[in-house]
Amino acid sequence: MITYNQETQIFKLDTKTTSYVMGIADGKYLGHAYYGKKLDSTDLFYLLRTEEHPFVPSRLEREKLSFLDSFPMEYPFGGTGDFRESCIEIRNMQGQHGLELVYAGHRIYEGKGKLEGLPATWGDHCETLEITLEDACAGIRAVLSYSVFADCDALMRSVKIENTGSEPVYLERVLSACLEMDQEPFEILSLPGSWARERQIHRQPLVTGSFVTESVRGESSHQDHPFLAVLSEDCTQTRGEVYAMHFVYSGNFLAKAQCTQYGTLRMVLGIHPDRFCWKLDAGGSFQAPEAVLVYSDEGLGKMSRTFHDLYRSHLIRGSYKDKERPVLINNWEATYFDFNTDKLIAIAREAAKLGIEMLVMDDGWFGCRENDDSSLGDWTVNEQKLPGGLKVLADEVNRLGMKFGIWLEPEMISPDSRLYQEHPDWALQFQGRAPSLARQQLVLDLSRPEVADAIYDSISRVLQSAHIEYVKWDMNRALADIGSMAFPPDRQGELTHRYMLAVYRMQERLITDFPDLLLENCSSGGGRFDPGMLYYSPQIWCSDDTDAIERLQIQEGTQLLYPLSAIGAHVSDCPNHIVGRVTPFQTRGITALAGTFGYELDITKISEEERKMVPGQIAAYKKYAPLIREGDYYRIASYRENHLYDCYEIVSKDKRQAAVFFVQVLYEPGRRSRNIRLQGLDEQMFYEVDGRRYTGGTLMHAGLLRNRLRGDFQAEVIDIQAVF
Ligand code: GLA
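Residues numbered from 1 in each chain as written. Predicted model: local features only at pLDDT ≥ 70, side-chain atom pairs only at ≥ 80, totals over all residues. Heavy atoms only, no water.

Visitor: Mind laying out the pairing of strand S9 (residues 155-163), listing which residues take part and the relevant values?
Guide: Among the 9 residues that make up S9, 8 are buried, leaving the element largely enclosed by the rest of the structure. Bridge count for strand S8 (residues 140-149) against S9 is 8 bridges, and the pairing is antiparallel. Its bridge partner lying in S9, leucine 144 is registered against valine 159. Hairpin connection between S8 and S9: a loop of 5 residues separates the two successive antiparallel strands. Across 3 bridges, the pairing between S9 and strand S19 (residues 285-287) is antiparallel. Its bridge partner lying in S19, lysine 160 is registered against glutamine 287. (Buried < 20%, exposed > 50% of the residue type's maximum accessible area, 1.4 Å probe, protein only. Helix = DSSP H or I, 4+ residues; strand = E, 2+ residues; numbered from the N terminus. Pairing = 2+ DSSP bridges.)

Visitor: Got a sec to walk through the sheet that holds strand S32 (residues 645-651)? Specific residues and values, please.
Guide: Sheet architecture is open: 6 strands sit in the order S31-S32-S33-S38-S35-S36, paired in antiparallel fashion. The open sheet terminates on both sides in strands that have one partner only, identified here as strand S31 (632-637) and strand S36 (692-695). On average, each strand axis in the sheet is tilted by 25° relative to the strand beside it, whichever way the strands run. Examined bridge by bridge, S31 and S32 share 5 bridges and lie antiparallel to one another. When the sheet's bridge partners are listed, alanine 637 is paired in S32 with cysteine 647. Packed on one face of the sheet, helix H10 (residues 548-559) meets S31, S32 and strand S33 (657-664) and runs near 130° to S31. Sheet strands touched by helix H11 (residues 585-592): S33 and strand S38 (714-723). Its angle to S38, the strand with the most contacts, is close to 50°. (Axes fitted to C-alpha atoms, helices over the stretch in contact; angles between N-to-C directions. Contact = heavy atoms within 4.5 Å.)

Visitor: Describe the site of the ligand, and please don't skip the residues or the numbers.
Guide: Surrounding the ligand, one finds 13 residues, the nearest of these being Asp362, Asp363, Lys472, Gly525 and Asp544. Aspartate 474 has a polar side-chain atom sitting 2.8 Å from an oxygen atom of the ligand. Here an oxygen atom of the ligand sits 2.8 Å away from a polar atom, N or O, in the main chain of glycine 525. Calculation on the ligand without its partners gives an accessible area of 310 Å², and the protein chains cover 96% of this total. Of the residues contributing to the shell around the ligand, the split by class is 4 nonpolar, 3 polar and 6 charged. (Near = heavy atom within 4 Å. Polar contact = N/O pair within 3.5 Å; in protein donor to acceptor, adjacent residues only side chain to side chain. Areas by Shrake-Rupley, 256 points an atom, 1.4 Å probe, with all protein chains shown as cover. Nonpolar A, V, L, I, M, F, W, Y, C, P; charged D, E, K, R; others polar.)

Visitor: Kindly report on the packing of helix H7 (residues 449-464) against helix H8 (residues 495-513), identifying the contributing residues and their values.
Guide: With their axes 11 Å apart at the nearest point, H7 and H8 run at an angle of 30° to one another. Judged by the inter-axis angle, H7 sits roughly parallel to H8. Considering the relative orientation of H7 and H8, their crossing is right-handed. Residues Ala452, Asp453, Ile455, Tyr456, Asp457 and Leu463 of H7 lie in contact with H8, whose contacting residues are Met506, Arg509, Leu510 and Asp513. For the contact of H7 with H8, the class distribution of residues is 6 nonpolar, no polar and 4 charged. (Parallel < 35°, antiparallel > 145°, perpendicular 65-115°, else oblique. Left-handed = near helix turned anticlockwise from the far one by under 90°.)

Visitor: Let's hear about the sheet that holds strand S29 (residues 567-572): which residues, and what values?
Guide: The strand order S21-S22-S23-S26-S27-S28-S29-S30 describes a closed barrel built from 8 strands, whose pairing is parallel. Averaged over all pairs of adjacent strands, the angle between strand axes in this sheet comes to 30°, irrespective of strand direction. Seen against the sheet, H10 touches strand S28 (539-541) and S29 and runs at an angle of roughly 165° to S29. Across the face of the sheet, H11 comes into contact with S29 and strand S30 (596-600) while running at roughly 170° to S29.

Visitor: Lay out the side chain of aspartate 224 with the relevant residues and their values.
Guide: Among the structural elements, aspartate 224 can be located in the loop between strand S13 (210-215) and strand S14 (227-232). The charged side chain of aspartate 224 is buried without a salt bridge, its nearest counter-charge being arginine 217 at 6.5 Å. One polar contact links aspartate 224 to threonine 213, side chain to side chain, over a distance of 2.8 Å. Excluding residues that lie within four positions of it along the chain, aspartate 224 makes contacts with Leu191, Pro192, Thr213, Glu214 and Phe253. (Lys, Arg positive; Asp, Glu negative; His and termini not counted. Salt bridge = Lys/Arg side-chain N within 4 Å of Asp/Glu carboxyl O.)

Visitor: Summarise a nonpolar patch on the surface; cite the residues concerned and give the values.
Guide: There is a patch of nonpolar side chains on the surface, built from Trp195, Ile578 and Val579 and spanning about 250 Å² of accessible area. Position of valine 579 relative to the elements: it lies in the loop between S29 and H11. (Patch = residues over 30% accessible without salt bridge, like charges linked within 9 Å, V, L, I, M, F, W, Y side chains within 5 Å.)

Set out below in structure tokens:
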């Protein structure tokens with residue numbers, strides 16, 4: 001619910017349990033008054049502190065500069081007196097910077113518009129507030145947009161910049177969100193990582209200065225995540241305050257928390273300004289991506305559940321949105337590039353017998369690709385490996401009762417390819433300098449529509465050539481040498497964002513033209529696991545690291561924000577190909593339940609004992625898939641914190657069913673049974689666990705006793721059913 005009180009000049013946006021409050025000071029400046037637990041009152045103007053004196057010892061009346069430098073600006077602009085982190089920076093044709101955006105009007109309406117060309121939340125029972133700020137002198141208008149869904153505790157923000165002047169300007173910075181609050185003993189939570197070690201939960205005190213997390217790699221990246229949260233020091237899974245921001249975007253981002261001289265904190269999030277410069281012609285506009293804000297006064301658990309609900313109901317789309325995903329087997333770790341139709345059919349035959357539902361043929365089926373040195377861009381079948389083409393293989397896989405899917409890497413070009421011979425200028429590059437190769441490949445300049453269209457047409461032909469029901473869309477290197485052979489010098493700064501818009505456009509075409517296709521995004525594992533990608537693909541490959549123990553922390557970090565139904569998780573072979581660790585097959589199966597379940601191994605080569613376990617693992621996946629897809633997530637224990645075990649729980653929305661997923665990493669001798677205190681159950685309801693009855697209250701407050709599992713790397717699923 002959104003209201004505007006004309007008398008107090010206060011905007012108030014209420015979600016189920018939060019309020020977000022802004023006010024207009026002096027009829028001009030839009031200030032941020034409050035974000036937190038839901039408030040009844042709208043008499044909140046005092047929070048803007050406009051009556052406080054202006055911090056200049058010699059003068060007591062208000063001067064503009066000191067006012068701008070201390071006012072809690074809702075959408076901060078720099079260059080005229082606010083020296084803190086700014087959200088917008090414009091360079092005019094005279095080469096000057098500096099803005100003064102003042103309130104010019106607003107409207108409140110039902111529903112939520114689309115963000116042109118960008119991923120964004122969608123859905124009914126939504127209200128939107130648009131506030132227009134204007135700088136008449138600079139000829140710039142900023143339309144701030146805020147939306148709230150009736151069924152969700154999150155708040156969505158974005159901004160559109162319009163050039164109302166008569167000359168072009170250069171937009172050098174346009175961030176999507178800002179949040180101001182008083183500084184307390186806060187901690188910062190971020191999700192740094194690396195390849196094969198994505199989204200590691202990291203907390204650190206924020207005492208002074210600034211904290212920055214960012215990507216300038218052209219993708220949201222393995223190294224950082226477009227997310228930032230400020231936590232009260234006492235914050236746990238179940239208590240304490242959280243102010244979180246998450247970016248619905250897959251390219252360069254900047255998230256920053258800045259402590260100011262006046263004891264306040266400013267948090268900002270948006271497209272990274274480094275190497276970004278968008279030429280805005282007279283009359284033109286620029287739409288910045290959406291940011292999601294979540295406040296929780298019940299710790300990180302409530303924050304996670306809010307993000308999960310929002311993304312499940314209002315971000316993920318398509319025919320698989322609420323549907324069970326097929327159990328797949330992917331041949332990457334089974335064969336790498338060394339496969340042919342016979343090998344794949346042998347895998348499919350064995351897989352089908354055990355109940356696996358889809359074969360995914362990974363990298364190496366096209367051009368003359370025998371390793372990662374060549375052929376990206378040549379999206380035609382390698383008939384030496386696959387005689388008769390994809391149709392023969394797909395038909396045979398279908399005959400075995402399985403679906404068939406393929407791997408694609410549409411954004412790339414190998415210098416050793418037909419495509420490169422024909423169009424060397426299609427790769428991103430600086431004229432006269434040899435570009436930096438990564439994995440022997442270059443990035444296509446998708447900002448050129450003719451390049452994106454040609455690639456789209458070639459992959460679309462592939463998808464029409466056979467019955468292909470799944471695509472893994474990969475992206476295996478960061479963007480460097482960001483120069484386009486087609487763009488004028490004053491538009492080269494638009495490239496990385498234009499690149500992202502082109503990827504979004506291609507994926508939108510793909511899911512429109514092939515509405516039943518299951519699309520899974522991937523970027524060398526989880527290098528582009530972000531809400532932007534989730535708008536196009538209901539699942540994303542979480543990490544190339546498939547080791548059951550490494551996965552505990554990668555998945556915990558991912559689950560912090562993403563519903564489990566979006567997390568690609570597979571059982572792979574041992575010793576694990578990345579870390580060399582050996583873990584029991586059963587543990588690998590239970591770890592992979594925390595996502596879209598599948599196998600990443602040569603099923604014809606694993607031991608008979610392991611093969612026999614596959615049908616049971618699939619049955620467990622089928623049993624828990626609806627609960628995992630729709631239920632509420634509770635993190636009970638973190639291996640990252642306790643160095644011994646990992647434990648999370650899923651509870652159905654009606655609280656009648658729950659399951660606890662437990663992995664004991666290390667066995668500890670000389671201990672009594674382990675007490676697991678459950679969460680999220682109905683206090684009064686009776687539940688049965690292993691034939692014994694408890695009330696929900698007993699399980700949550702007194703706990704459930706479990707005998708220690710014998711040995712390291714052991715796992716179990718504990719089934720909890722309500723009884724009446
Ligand atoms: C990336 C993916 C892997 C696999 C390879 C193929 O690394 O993350 O799963 O598809 O590419 O080259």
